[in-house]
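Chain and residue survey
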Number of protein chains: 6
Amino acid sequence: MKIRVILPAVTKNLAYFENLYLNIMEGQHEISAASLKKGPVSIECEYDEALAIPEVIAKAREAEREGCDAVVVDCFGDPGVKAAREILKIPVVGPGEASIHIAAILGHRFSIVTVLDNVFPLIDNNCRVYGLESKLASIRFINVPVLNLHKGEAGIAELLVEESIKAIEEDGAHVIVLGCTGMSGLAKAVRTGLVGRGYSIPVIDPIVAALKMVQILVEMKLTHSKRTYPYPPEKEIFGYEI
Amino acid sequence: MKIRVILPAVTKNLAYFENLYLNIMEGQHEISAASLKKGPVSIECEYDEALAIPEVIAKAREAEREGCDAVVVDCFGDPGVKAAREILKIPVVGPGEASIHIAAILGHRFSIVTVLDNVFPLIDNNCRVYGLESKLASIRFINVPVLNLHKGEAGIAELLVEESIKAIEEDGAHVIVLGCTGMSGLAKAVRTGLVGRGYSIPVIDPIVAALKMVQILVEMKLTHSKRTYPYPPEKEIFGYEI
Amino acid sequence: MKIRVILPAVTKNLAYFENLYLNIMEGQHEISAASLKKGPVSIECEYDEALAIPEVIAKAREAEREGCDAVVVDCFGDPGVKAAREILKIPVVGPGEASIHIAAILGHRFSIVTVLDNVFPLIDNNCRVYGLESKLASIRFINVPVLNLHKGEAGIAELLVEESIKAIEEDGAHVIVLGCTGMSGLAKAVRTGLVGRGYSIPVIDPIVAALKMVQILVEMKLTHSKRTYPYPPEKEIFGYEI
Amino acid sequence: MKIRVILPAVTKNLAYFENLYLNIMEGQHEISAASLKKGPVSIECEYDEALAIPEVIAKAREAEREGCDAVVVDCFGDPGVKAAREILKIPVVGPGEASIHIAAILGHRFSIVTVLDNVFPLIDNNCRVYGLESKLASIRFINVPVLNLHKGEAGIAELLVEESIKAIEEDGAHVIVLGCTGMSGLAKAVRTGLVGRGYSIPVIDPIVAALKMVQILVEMKLTHSKRTYPYPPEKEIFGYEI
Amino acid sequence: MKIRVILPAVTKNLAYFENLYLNIMEGQHEISAASLKKGPVSIECEYDEALAIPEVIAKAREAEREGCDAVVVDCFGDPGVKAAREILKIPVVGPGEASIHIAAILGHRFSIVTVLDNVFPLIDNNCRVYGLESKLASIRFINVPVLNLHKGEAGIAELLVEESIKAIEEDGAHVIVLGCTGMSGLAKAVRTGLVGRGYSIPVIDPIVAALKMVQILVEMKLTHSKRTYPYPPEKEIFGYEI
Amino acid sequence: MKIRVILPAVTKNLAYFENLYLNIMEGQHEISAASLKKGPVSIECEYDEALAIPEVIAKAREAEREGCDAVVVDCFGDPGVKAAREILKIPVVGPGEASIHIAAILGHRFSIVTVLDNVFPLIDNNCRVYGLESKLASIRFINVPVLNLHKGEAGIAELLVEESIKAIEEDGAHVIVLGCTGMSGLAKAVRTGLVGRGYSIPVIDPIVAALKMVQILVEMKLTHSKRTYPYPPEKEIFGYEI
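Criteria and thresholds
- Residues numbered from 1 in each chain as written.
- Chains lettered and ligands numbered in written order.
- Predicted model: local features only at pLDDT ≥ 70, side-chain atom pairs only at ≥ 80, totals over all residues.
- Heavy atoms only, no water.
- Helix = DSSP H or I, 4+ residues; strand = E, 2+ residues; numbered from the N terminus.
- Buried < 20%, exposed > 50% of the residue type's maximum accessible area, 1.4 Å probe, protein only.
- Areas by Shrake-Rupley, 256 points an atom, 1.4 Å probe, with all protein chains shown as cover.
- Lys, Arg positive; Asp, Glu negative; His and termini not counted.
- Charge placed at Lys NZ, Arg CZ, Asp CG, Glu CD.
- Contact = heavy atoms within 4.5 Å.
- Salt bridge = Lys/Arg side-chain N within 4 Å of Asp/Glu carboxyl O.
- Polar contact = N/O pair within 3.5 Å; in protein donor to acceptor, adjacent residues only side chain to side chain.
- Nonpolar A, V, L, I, M, F, W, Y, C, P; charged D, E, K, R; others polar.
- Least-squares fit on C-alpha atoms with pLDDT ≥ 70 in both.
- pLDDT = per-residue confidence, 0-100.
- Pairing = 2+ DSSP bridges.
- Right-handed = clockwise from strand over helix to strand, strands pointing away.
- Expected span 1.5 Å × (residues − 1).
- Axes fitted to C-alpha atoms, helices over the stretch in contact; angles between N-to-C directions.

A word on the overall build of chain A
Scanning chain A from terminus to terminus reveals eight helices and ten strands. For the C-alpha atoms alone, the extent of chain A along its principal axes is close to 55 × 35 × 35 Å. Buried positions account for 67% of the 242 residues belonging to chain A. As displayed, chain A has an accessible area near 8,000 Å², and 50% of this comes from carbon and sulfur atoms. Charge-centre separation for chain A: the mean point of 25 positive side chains lies 4 Å from the mean point of 31 negative side chains.

Shown next as structure tokens:
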């Protein structure tokens, strides 16, 4: 199975991410990564998403043309996923949608622990659109910008543990979802930190959830409904080569 | 009061639209229109929206820089409204949000009659995000693309009347919202058609609703909450001059 | 445009209120006020509402007969608005409904800060009936009766600021709605107080919201749906001269 | 146990109704009826309710003063129930609230079959306020005014059977609630009619439900919460002797 | 009227419980109790329920065969109620469902105070299934296992008062529902304790609510809908003598 | 990975089912099946579930003891899944929960097409408990008992296609979920039938969804939250050897 992961940001570390995805999938599938030439260096609000999405769509189309079996967009806000589904036949999955559905299966209510409060309305709205608002205990944030997440991982994990415990104790969370794919790789440390504090709670790494979800969609020969995501009506489009 | 209306599409008829807005506001305010150089010629799905939004945002910023008091985005799907609110202080309103809130005030349930079934999920999701899903009776469509709306207005009005009557009789609508700003100017004919068929029901023209809503926001000195729409975090953005 | 504002209480200060409304509308429209001969001196519960409503309805009918274009009922609980809509063709709007719809447009969630906890169930039920319960962060109160609101306005504003900050910090409010029209004129002071404490949040004055909402309904030639508010069936009514 | 039933209308048939209540309770309790001197002859909309409620409240207070153990308001819209609870200690129950809670216990979804479409928004809003909107399959009406219900009962029962079958087949109703207390005594005929057509479905008579509900509240020594229904704040009230 | 109460647990104290029920009903009805030979000694989770339900069903069938008019299952989680309704014609009611519907009538929001946090998801899910999630303020627990409830009742009542006050102050409860039928008999003490602390709030004893609810269902000649609870399709069943 | 699938019914065809599961997983995992000695021969209502669940739980415990990595319960109603999660550490998944979450990812709304209307309330309640009621377009049935599903598969597929088309056209379904695991193997035929009629819609086979969901849970080292599913409190249990 060929999976293309699109990083919806301008990044120099494409090889790093590609390696990360390969490790997650334990080398079982052919995974390639793409990132943007045009757009922000990270996604932390609706504005960042808006500027990233056109090239995300272009990269998604490229993936299908190159014979990929599925596309993952590597950002918790799932930017461009709906638009890409309209132009593609192959499944497109975002980490936000994949991880909260899995969280809803694993426990009564989940909390999302994310980077900044800027993304709260965006994520909260997504939970409503995905239909899972009644399973959402809370959205919390550690107040660290995306690009600082990898500067001192132990410290970040500790911040995530602290907010997760507040989510459990104050908001009634039974499952924790890491609310930014920049936190990838930290789920284990957060889980261990929580267990050490007496909380044996699942912690979901969203990019892992998205990769696993597309994997089984491909295995089940399922893709999104063309009733929800019909091909865009034919029309003139200026200024884009898509 | 200076209002800038952004047509989120590439169009040759900017003067036509500017004139339309001036008529709606009866010359009381200074209204100017802007349209896109880059993007689709009409908006009929998530994909079209995604390609229009970056320039919508740029035009919104331009409006604020030029001293406008408010911005309206002239499309029922409200493309770019949330992103523009993040970068602006002045109020930004879309016709979808404005018209369904007014519809909710006028009656127990409303139906939206729009162009194509392509936009159904997008509009339905917006109604959820705006919090009004319990007031939405149905979304119906006349199966006419946006750019064909002005070819034979009488016929279009008749189609809208037919779908509105189905919305009233089958779905329990008490108010009709025209679900595309390309239907602007038809509300009166639809209302008359409905009255002629025995249905005295309000019919809301969404672009009128949006213009009137920003007018009173400006008069009340209100704008969107910076808690919901904080300024985007500072970061490098490639390929855009915004 | 002729707007009649009905104060649903027995009051000696009619001139004061009429002046207030004229100031709000900046003299642009012909505004007249009416108050009750029969009923309570303020509205703070379902019981007070019940005793005020019959004369509110009579005053609303009088307004239409006298050629008014719209009616506003000046109380946050919107007493008599639905009944008045049944007997009138011209739009009738209450400050509660108008202000929370505008609040929902301005931010992700709003809180209502009102006078006494007596009105909590009434306002909470109204929010459900208006369809906006998912946008309501909380209802808070300052524990000051309506008629004491104008005794020492600075103190009242400070109490409102305190409760608003709790609404923001503890309940996640992004917009503040003043939950009593007796607080009219305080929105600016509350807003300033909040900004001074670091919270740049919209604060909505409900009577202003209602006046502006009827203004644009009249301008748009819209009124409530007669499907939701049909004329009452003909019947004998004893003891009322309505 | 002494129960006072308040007919929220001006009626000449008080003895008839009193007898009806006694029969329902099989003579086990002391039941007395009261009706209005001031107000409409029947309740079919918000306007009718508004004009009836002040005297309903007065009659409720009278009941408590005369040592009654509970009050029932005999109208499906439950007019004045909330206001009366504020001024009384003894339980006050309406047929609408009592019957839909019992309906929710008896089956997955219920439909309400009522008199006129005028009452649809009022009843639908009540279902939301009572928290049972997700159990409501539909509200249907037979298009017969309240005062005509007793002209030809067989015909009315047949109309109710017809609408009930539509509710079952088209709306998924599993339980039928008669949506007007003027239909009292018809539940058995409707039930028999449905069984004869192959539908073995519970049919709830709302005034019976209300009487039985207050009976058990009194037996359980329970009354409404004074947290929801606190006594009205002390204040001057003009024109009422309550 | 003959009512059979099924204790869904293995217990030696059947006579104690039978006496309790007779006292609740003040000797007015013929009440008999049944308990299990097979199953757990108390119900505190889904697992306990699962092991109790088969014999609950058998006992329910036995009750109908022996001419009972109604069945009550004496456990707040209502184990086996839905399955028993499928095989019986006579009404079957559980204390959870009965008490929260009564609570919803008595106040704006209710809290359930129960034994252990183990039962939180089970009770919360039941509230959703019964349609009353919007009336539920919170579920709290005193951290005492069911079988310890009768060891030192004063202490238990005090714990219940403490959690009830937290429910009122922190969660907005207006009514308290005791969330375990093992707390039977404590409602009065909890109510008194709350009044002594300044909270005049209804406290509902769930087994009383269930007994009273079946009593009036039988008096009203109502039973559950066979549309919701059709008889199980005929089929071979191994290993059960039901 | 070792997966144990528990058929919650007494069946002679265990080998058939085991083979089915192996084919679904393409031989990649070690899959074994278990069925019941005690219980019904098929599951078509709450009563059937209740009699099956005790042995489902016993078989689930056995699976964990024998070193399985995960358990699937092969019935769309997910009988015993919650109880089994309480006593197990390894993930337990049911086809109902797994398939509707995947359906919610694939399209705006899904319909479930099942066997008999007996299971409608059970499945509808499950959708609410799983939090996905807003994504559920409808539940439809073909009126064929479970054990007749394999008598003439072509005919069954055609019935499923017919009901699916009604779900699409009348209820707005964008995705079809087969609502009984006895329909396993028919998804392809239903999908083909729908495509042949012009509906290119995903059709989900629920047992495939459950198997794939546990596979990725195991791969992600995730299991259910012990906060939602704590181990049952220690206590005496009579008559079971679990």
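Now, onward.
Here we look at the interface of chain C and chain D
Between chain C and chain D, the residue contacts involve 43 residues of the former and 43 residues of the latter. Counting the contacts that link chain C with chain D gives six salt bridges. Lys235(D) serves as the salt-bridge partner of Asp48(C), at 2.4 Å between the closest nitrogen and oxygen. Connecting chain C to chain D are 21 residue pairs in polar contact (both at pLDDT 80 or more). Elements with a minimum of two residues in the side of chain C that touches chain D: β3 (39–40), α2 (46–65), α3 (81–87), α5 (120–129) and β10 (237–238) of chain C. When residues in the side of chain C that touches chain D are grouped by element, the largest group, nine residues, is from α2(C). In the side of chain C that touches chain D, the residues fall into 24 nonpolar, seven polar and twelve charged.

Some remarks on the relation of the copies chain C and chain D
Under the fitted operation, chain C is carried onto chain D by 0.0 Å of movement along the axis and a turn of 180°, and the coordinates agree to an RMSD of 0.0 Å. Expressed as a symmetry operation, the mapping of one chain copy onto the other fits a two-fold axis. With an isologous cut-off of 70% or more, the 100% of interface residues of chain C that recur at the interface of chain D puts this contact in the isologous class.

Quick notes on the confidence of the model for chain A
Of all residues in chain A, 100% attain a pLDDT of 70 or more, and the chain-wide mean is 96. Two numbers describe this predicted complex: its pTM, 0.97, and its ipTM, 0.97.

Describing the pattern of salt bridges
Counted according to the given criterion, the structure contains 90 salt bridges over all chains. One salt bridge connects Asp124(A) with Arg109(C), and the closest N-O pair in it is separated by 2.7 Å. Of this pair, Asp124(A) sits in helix α5 (residues 120–129) while Arg109(C) sits in the loop between α4 (95–106) and β6 (110–114), each in a different chain. Residue Asp124(A) is classed as buried on the basis of its relative accessible area of 7%. The shortest N-O distance in the salt bridge between Glu44(C) and Lys235(D) comes to 2.8 Å. In this pair, Glu44(C) sits in the loop between β3 and α2 while Lys235(D) sits in the loop between α8 (206–219) and β10 (237–238), so the two residues belong to two different chains. Judged by relative accessible area, which is 3%, Glu44(C) ranks as buried. In the salt-bridge network here, residues are joined through shared partners; they are Arg140(A), Glu163(A), Lys166(A), Glu170(A) and Asp171(A).

A word on the pairing of strand β4 (residues 70–73) of chain D
Residues and elements named next belong to chain D. Residues Ala70 and Val72 point to one face of β4 and Val71 and Val73 to the other, with burial holding for every one of them. With four bridges connecting them, strand β1 (residues 2–6) and β4 associate as parallel partners. Pairing of Ile6 across the sheet is with Val73, part of β4. Across two bridges, β4 lies against strand β5 (residues 92–93) in parallel orientation. Directly across from Val72, in β5, lies its bridge partner Val93. After leaving β4, the chain enters helix α3 (residues 81–87) and then returns to the sheet as β5, a path that is right-handed.

Quick notes on helix α6 (residues 153–171) of chain E
Across its 19 residues, α6(E) extends 25 Å between first and last C-alpha, which sits within 8% of the 27 Å expected from 1.5 Å per residue. Among the structural elements, β6 (110–114), β7 (136–141), β8 (175–178) and α7 (187–196) of chain E are those in contact with the buried residues of α6(E).

What to know about the sheet that holds strand β1 (residues 2–6) of chain F
All names here are of chain F. With respect to topology, four strands assemble into an open sheet ordered β2-β1-β4-β5, the strand pairing being parallel. Only two strands of the sheet have a single neighbouring strand rather than two, namely β2 (30–34) and β5 (92–93). The sheet contacts of helix α1 (residues 14–24) involve β1 and β2, and relative to β2 the element is tilted by about 150°. The sheet contacts of helix α8 (residues 206–219) involve β1, β4 (70–73) and β5, and relative to β4 the element is tilted by about 165°.

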